[in-house]
Amino acid sequence: MVLAAMIGWLAASTLPTGHAPTGPSPDLVVLHATIRTANHIHPRAQAMAVHDGHILGVGTDREIEKRIGPATVVWDLRGLTVLPGLIDSHGHLSGLGERLANVDLVGTRSYDEVIARVVERSRQTPPGQWVKGRGWDQNDWPVEAMPHHEPLSRAVPDHPVALDRVDGHALLVNRRALELARITKDTPDPPGGLIERDSTGAPTGVLIDNASDLVEQAFASPSAEERQHRLQEAMRACAKVGLTMVGDAGIGRETRAAYQALLERNELPIRVYSMAYAGDPLAEELLERGPENGDRFTLRALKVVYDGALGSRGALLSEPYSDRPGHTGLERWTVDSLAKVAIRARARGLQVRVHAIGDLANTRTLDAFEQAFEGRPHAELRWAIEHAQVVRPEDILRFARLGVIASMQATHATSDGPWAEERLGPRRIRWGYAWRQFLEAGVRFANGSDFPVESEDPKLGLYASITRRDLDGKLPAGGWYPEERLSPDEALLSFTLWGAYAAFRERDLGSLEPGKLADFVVLDRDPFAGSPEELLKTRALKTVVGGHVVYEAP
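Residues numbered from 1 in each chain as written. Predicted model: local features only at pLDDT ≥ 70, side-chain atom pairs only at ≥ 80, totals over all residues. Heavy atoms only, no water.

Caption draft 1: Representation of the overall build of the protein within the structure. Within the protein one finds 19 helices and 24 strands. In terms of overall dimensions, the protein is globule-like: its C-alpha atoms have a radius of gyration of 23 Å, near the 24 Å expected for 554 residues. Overall size of the protein, expressed as C-alpha extent along the three principal axes, is 80 × 55 × 50 Å. For the protein, restricting intrachain contacts to residue pairs at least 6 apart in sequence, the fraction spanning at least 24 positions comes to 73%. Accessible area of the protein: about 21100 Å², with a carbon and sulfur share of 51%. One finds the centroid of the 64 positive side-chain charges in the protein at a distance of 1 Å from the centroid of its 76 negative side-chain charges. (Helix = DSSP H or I, 4+ residues; strand = E, 2+ residues; numbered from the N terminus. Rg over C-alpha atoms; globule rule 2.2 N^0.38 Å. Contact = heavy atoms within 4.5 Å. Areas by Shrake-Rupley, 256 points an atom, 1.4 Å probe, with all protein chains shown as cover. Lys, Arg positive; Asp, Glu negative; His and termini not counted. Charge placed at Lys NZ, Arg CZ, Asp CG, Glu CD.)

Caption draft 2: Broad picture of the pairing of strand β19 (residues 384-387). Relative to β19, strand β18 (residues 351-356) runs parallel, the two being bridged by four bridges. Residue pairing in the sheet places R353 in a bridge with A384 of β19. Of the crossover connections in this fold, the one passing from β18 over helix α12 (residues 359-373) to the parallel β19 is right-handed. Relative to strand β20 (residues 405-409), β19 is paired through three bridges, and the arrangement is parallel. Residue pairing for β20: E386 is matched across the bridge by S407. Crossover connection from β19 via helix α13 (residues 393-402) to parallel β20: handedness right-handed. (Pairing = 2+ DSSP bridges. Right-handed = clockwise from strand over helix to strand, strands pointing away.)

Caption draft 3: Inspection of the sheet that holds strand β5 (residues 54-59) at higher detail. Spatial strand order, β5-β4-β1-β6: four strands in an open sheet with mixed pairing. Two strands bound the open sheet, and with one partner strand each, they are β5 and β6 (73-76). Looking at each pair of strands side by side, their axes are set apart by 15° on average, direction ignored. Relative to strand β4 (residues 47-51), strand β1 (residues 28-31) is paired through three bridges, and the arrangement is antiparallel. Looking across to β4, one finds that V29 is bridged to A49. (Axes fitted to C-alpha atoms, helices over the stretch in contact; angles between N-to-C directions.)

Caption draft 4: Just the sheet that holds strand β11 (residues 161-165), in detail. The strand order across the open sheet built from six strands is β9-β10-β11-β12-β14-β13, with neighbouring strands paired in mixed fashion. Since the sheet does not close on itself, it has two edges, and those belong to β9 (103-104) and β13 (193-197), each with one partner. Inspection of the sheet shows strand β10 (residues 131-136) paired to β11 by five bridges, in the parallel sense. Bridge assignment links R134 to a residue of β11, and that residue is D164. Sitting on the sheet, helix α4 (residues 111-122) is in contact with β9, β10, β11 and β12 (170-173), with an inclination near 155° to β10.

Caption draft 5: Representation of the side chain of D61. In this fold, D61 is placed in helix α2 (residues 61-65). One buried charge, D61, has no salt-bridge partner; the nearest side chain with opposite charge is R62, at 9.1 Å. Other than its neighbours up to four places away in sequence, D61 contacts L31, H32, Q46 and A47. (Buried < 20%, exposed > 50% of the residue type's maximum accessible area, 1.4 Å probe, protein only. Salt bridge = Lys/Arg side-chain N within 4 Å of Asp/Glu carboxyl O.)

Caption draft 6: A look at the side chain of R469. Following the sequence through the fold, R469 ends up in the loop between α16 (458-467) and α17 (488-494). From its side chain, R469 meets the backbone oxygen of A477 in a polar contact 3.1 Å long. Every residue in contact with R469, bar those within four places of it in the chain, is listed here: T414, Y463, A464, L475, P476, A477, G479, P532 and E533. (Polar contact = N/O pair within 3.5 Å; in protein donor to acceptor, adjacent residues only side chain to side chain.)

Caption draft 7: Structural view of the pattern of salt bridges. Considering all chains together, one arrives at 48 salt bridges under this definition. As a salt-bridge pair, R36 and D526 come within 3.0 Å of each other at their nearest N and O atoms. Note that R36 is positioned in strand β2 (residues 34-36) and D526 in the loop between β22 (520-523) and α19 (532-536), a separation of 490 residues in sequence. The two residues R36 and D526 agree in class, both being buried. R109 is paired through a salt bridge with D472; the nearest N and O atoms lie 3.2 Å apart. Of this pair, R109 sits in the loop between β9 and α4 while D472 sits in the loop between α16 and α17, and the two are 363 residues apart along the sequence. By relative accessible area, which is 36% here, R109 ends up partly exposed.

Here's what the structure looks like:
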């Protein structure tokens, strides 16, 4: 019933599927496949025809074979699976490119392991140059306390070191970096930020949210060529796992210039729906000139970061953290300041997408949206709250009433699950990661990963959506609060058609139907036919964007 209701708000904008239409001979025909179309009228097919980057027809082998012409390329997939191109509605391509270039700390199981990887990189780096990395998570260590810089400073004394926590909301630096940034015992916490301190009041080297800006000002800016290269590497990594479009959740003027250079050289392998960071000059430009719509690159949204992350206790809660009495997180905006920007954005026809994780951040974001909406629903604007991790039940109903999209990331639930209840307690945890509650309320929902916080591989998000289980066995075998699980069909829609809707692209993307763009992925198995564990073994063999192969497995 919920799935049918969710499909209902897209049905009016989708195109009919059926027998291959008359017309030109296709450039490409796919035969003998297991095709999941993400179209509720014709959810399955065997074959598909493509011409000039668009889908001509989807149907049976017999129907599509009739369209084959002398120049048609035919793929006999012999039972392999085809899905619509997968859409990650919230990722960070620059961050992924940087992670690929810098020290990868994802999966480290101790502070000592983090230090060992940094030492190895420092040996390959001239003294005095920065060593950067990302991915540490103290919740995965034997001692779950935030680290102190002293062991890192002793091991790497001659290089400034800056290591982003996995969520990007905390930065660990060594003594040399603190010295370059002139952060001392007397440095005050900046607005929206926190300098962690030891018992003497000295900085520990951990900088939460806006406090990281104090160090980042000392970084040398990457060159234009380096920015372009990192974006390309990140997009190639996405294509490799079957992603054909990414919502780039926060870019600035320099990144926009890098995209423009790649676009002019026709070097964007996937589609990008980008959001300008509020506070960056790019956002002001967007507010002055309005949306920039394109096929491969679109810039029509503002990204506002209202609070921090739950893992670093920066998410804004209405009551103190259960594991840190007296602390309620960080507020990086106010309702009035957000409402003022939102009103300007609405006047320019821009989408507003707000990072809000804590329950109070979600409440206040909805308050600001209500001001901008003048108290009336405006689903057509497709404004969204990114993450929507801890949301009071009454605010879930406000999402639905106002027409606000919940842009959530399934793997955050399974990554956070082992420790989230310690932060929130047994009552508030039921407000967390509540996908089923959102769907039952009729809230539009888009899925993603928030890479490089999580892996860019969408099969992990599909697995988490369906099972509410992690890969390390820390969560219950039956799923962590399994009543919030998605069905396989809902999970697929959340990474396809619903993601296209959040990006205003449901008329030409998100499902395999005649007239839509030929974005699809060929997989080595049907990810939904067997056990969820089989899903984890799924591998992308070909990724196709606009009828062109942008990735092919060796």
